[in-house]
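Chain and residue survey
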Amino acid sequence: MSAHVPVEGPAHGVTGFGSARAAHAWDRSVRLWDAYFAVAWVATVAFVLGAAQPSWPVRAVAAGLLVPLVPYYALVGRPLLTSEPVDPAHERRAVRYLAGAMLLFLPSAALAGETRLLAFSLIPQCFMTLRQRSALVAVTVVNVGPVLVWALLWWPDAASLFANCLFAAVTLVFSVVIGSWIIRIIEQSAERAELIAELDASRTEVARLSAAHGALTERERMAREIHDTLAQGFTSVLMLIQAVEAELDHDLPRARRHLALMDTTARQNLAEARALVAGAAPADLDGACLPDALRRLADRHGAALAVTGPARALPAAVEVVALRSCQEALANAHKHAGSRAPVRIDLSYGERSLTLTVEDDGRGFDPATATGGYGLAGLRARAAEVGGTTETVSTPGEGTTVTVRLPVPAAVRSETP
């Protein structure tokens, strides 16, 4: 059942418990409140019919006057209790319902004092449908009204009047206490329901953002992979085509060597494309160690490779970053540097890190004024994925040195002889 303590809201005068009704404890207990009303009504009728006073016909009439309360509660009260208060008119409807219940209740209460037991089914409804101040007024009427009407009708002796007034006072105090408890439980339930709704909304938003972030990360990864493999391979093929065109007329053997290199590069690009689609390791690392993969890469680009330190197997992520970083640095050197001497590649295995250095003696550039193309940004992003760093040192006319330092996991360091 929806037990309401309406509160002022920003959008309108009275608000309910928002969209969290499904999590509201009172909403799940409507049948318990129905049973409570039914038990209170049956007990009241039984007490009225079994009382010693007044006479049997009067008690029968008093019990009969309670019968309309059952359909009135089922048709008017229960829908009101289970509805969501969406505007100030909700409390006015609640006042009309309780006033109608009192009009049905008071005639019977005036005839037989035992009828006042039914007040215990009306008191919780006051606190469940009205604001606290209005609820206190309503329960006062529910407790005092029947005694007042009974006294005016029967003019009892002083002792009976005192006993009934004392009973009314006790039940009024009890009503205030139980009403305060009801309000506190309702407020806690409402807060809990709102927190659950906020948590559900937060989880949904986190899931959406995680999915969006994952998609963006995957797009960035694919962009780097394509840039570092297929795009560079196609660039190499184009450069070889230009070289072959210039050599066909005067240096046929060299043109054939370049054609063979074009074939190798195209096959390598195809292997990279297949590995990219399959999500496998780079083709150069397939069944080979990192130094061998770099050596094949250096041969294709006419570069010189030097390996220092005890070479050993490293985690695949570290080796992939090292290979891709070398590919990017070599591609940048061929496209932009205009090196006179072969590019130098140094691979150094340290105890705690793996260091890759690619150095050329080309035209260089000023890092302070460089726009920082996708290649350098991709280098930094790749190294950062495994906790590494990238440093680019360049001076106009004096070449460029790219250094990538990648940490070696402690588990791998412990296995080093």
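Here's a quick rundown of the structure. Going along each chain's sequence as written, the residues are numbered from 1 onward. Where totals are concerned, whole chains, interfaces and linings use all residues; where local detail is concerned, this predicted model gives features only for residues with pLDDT of at least 70, and gives and counts side-chain atom pairs only at 80 or more. The basis for the side-chain values is all heavy atoms of the structure; hydrogens and waters are excluded.

1. Regarding the overall build of the protein
Helix and strand labels come from DSSP, where a helix needs a run of H or I of at least four residues and a strand needs a run of E of at least two; each type is numbered from the N terminus. Scanning the protein from N- to C-terminus turns up twelve helices and five strands. When a residue's accessible area, from a 1.4 Å probe over protein chains only, is under 20% of the maximum for its type it is buried; when over 50% it is exposed; and in between it is partly exposed. Counting all 417 residues of the protein, 41% fall into the buried class. The long-range fraction of contacts in the protein, counting pairs at least 24 apart against all pairs at least 6 apart in sequence, stands at 70%. All accessible-area figures derive from a Shrake-Rupley calculation using a 1.4 Å probe, and residue coverage is judged against the displayed protein chains alone. Accessible surface, the protein as shown: approximately 21800 Å² in total, 64% of it carbon and sulfur. Any two residues having at least one pair of non-hydrogen atoms within 4.5 Å are treated as being in contact.

2. A short note on a negative patch on the surface
Judged by side-chain charge, Glu187, Glu191, Glu194 and Glu198 come together as a negatively charged surface patch. By the secondary structure assignment, Glu194 is in helix α7 (residues 158-247). Only residues whose relative accessible area exceeds 30% and that form no salt bridge enter a patch; like-charged residues are grouped when within 9 Å of one another, and nonpolar side chains (Val, Leu, Ile, Met, Phe, Trp, Tyr) when within 5 Å. A side-chain nitrogen of Lys or Arg and a carboxyl oxygen of Asp or Glu constitute a salt bridge if their distance falls within 4 Å. We count Lys and Arg on the positive side and Asp and Glu on the negative side, and we leave His and both chain ends out. Charge positions come from single atoms, namely NZ of Lys, CZ of Arg, CG of Asp or CD of Glu.

3. Here's the deal with the sheet that holds strand β5 (residues 400-407)
Through backbone hydrogen bonds, the strands of a sheet pair up, either in parallel or in antiparallel fashion. Here, strands pair whenever DSSP counts at least two bridges between them. Pairing in this open sheet of five strands is mixed, and the strands run β1-β2-β3-β5-β4 from one edge to the other. Looking along the sheet, the strands with just one partner apiece sit at the ends: β1 (304-308) and β4 (389-394). Across the sheet, the mean angle from the axis of one strand to that of its neighbour is 10°, orientation sign disregarded. The pairing of strand β2 (residues 344-349) with strand β3 (residues 353-360) spans six bridges and is classified as antiparallel. Under this scheme, a helix contributes an axis fitted over its contacting stretch, all axes are lines through C-alpha atoms, and angles between N-to-C directions fall in the 0 to 180 degree range.

4. Structural notes on helix α9 (residues 290-301)
The terminal C-alpha atoms of α9 lie 17 Å apart, and with twelve residues this matches the ideal 16 Å at 1.5 Å per residue to within 8%. Burial in α9 covers these residues: Leu290, Pro291, Ala293, Leu294, Leu297, Ala298 and Arg300. Helix span is expected to be 1.5 Å times the residue number reduced by one.

5. Quick notes on the packing of helix α3 (residues 69-82) against helix α4 (residues 89-111)
Running from N to C, α3 and α4 cross one another at 170°; their axes reach a closest spacing of 10 Å. Classified by the interaxial angle, the pair formed by α3 and α4 is roughly antiparallel. Judged by residue contacts, Leu69, Tyr72, Tyr73, Val76, Gly77 and Leu80 of α3 engage His90, Arg93, Ala94, Arg96, Tyr97, Gly100, Ala101, Leu104 and Phe105 from α4. Classifying every residue of the contact of α3 with α4 gives ten nonpolar, three polar and two charged. Roughly parallel means an angle under 35 degrees; roughly antiparallel, over 145; roughly perpendicular, 65 to 115; everything else is oblique. Throughout this entry, Asp, Glu, Lys and Arg are counted as charged residues, while Ala, Val, Leu, Ile, Met, Phe, Trp, Tyr, Cys and Pro are counted as nonpolar. The remaining residues, Gly among them, count as polar.

6. Concerning the pattern of salt bridges
Applying the stated rule across the entire model yields seven salt bridges. The partner of Arg78 in a salt bridge is Asp34, and the shortest N-O contact between them spans 2.6 Å. Separated by 44 residues along the polypeptide, Arg78 in helix α3 and Asp34 in helix α1 (residues 30-50) bring together distant segments of the chain. According to the relative accessible area criterion, Arg78 is partly exposed, its value standing at 29%. Residue Glu205 is joined to Arg208 by a salt bridge in which the shortest nitrogen-to-oxygen separation is 2.6 Å. Here Glu205 pairs with Arg208, and both are found in helix α7, just three residues apart, close to one helical turn.

7. Observations concerning the packing of aromatic side chains
Stacked, tilted and edge-to-face are the three classes applied to pairs of Phe, Tyr and Trp rings, where Trp contributes its six-membered ring and a pair requires centres within 6.5 Å; stacked means planes under 30 degrees apart, edge-to-face means over 60, and tilted covers the rest. Applying the stated criterion across every chain, the model contains two aromatic pairs. Between Phe37 and Tyr73 the ring centres are 4.2 Å apart and the planes differ by 10°, which places this aromatic pair in the stacked class. With Phe37 in helix α1 and Tyr73 in helix α3, this residue pair connects regions lying 36 residues apart in the sequence. For the pair formed by Phe37 and Tyr73, the shared burial category is buried.

8. Description of α4
The end-to-end C-alpha distance of α4 is 34 Å, a good match for the 33 Å that 23 residues give at a rise of 1.5 Å each. The largest bend in α4 amounts to roughly 30° and is located at Phe105, with the proline Pro107 lying one to four residues further along. For a residue, the bend is simply the angle between two axes, fitted respectively to the seven-residue segment ending there and the seven-residue segment starting there.

9. Considerations on the nonpolar core
With 39 residues, the main nonpolar core has Leu66, Phe105, Leu118, Phe127 and Val142 as its most contacted residues. At the level of elements, α1, α2 (56-65), α3, α4, α5 (119-129), α6 (132-154) and α7 are the ones that each hand at least two residues to this core. The element best represented in this core is α4, accounting for nine residues. Once residues within four sequence positions are removed from consideration, Val142 is found in contact with Met102, Phe105, Ala119, Leu122, Ile123 and Cys126. Here, nonpolar core refers to any group of buried Ala, Val, Leu, Ile, Met, Phe, Trp, Tyr and Cys residues whose side-chain atoms link them within 4.5 Å.

10. Regarding the side chain of Glu247
Assignment of secondary structure puts Glu247 in helix α7. The buried category is assigned to Glu247, whose relative accessible area is 8%. If we ignore the near neighbours within four places in the chain, the residues touching Glu247 are Leu252, Arg254, Ala255 and His258.

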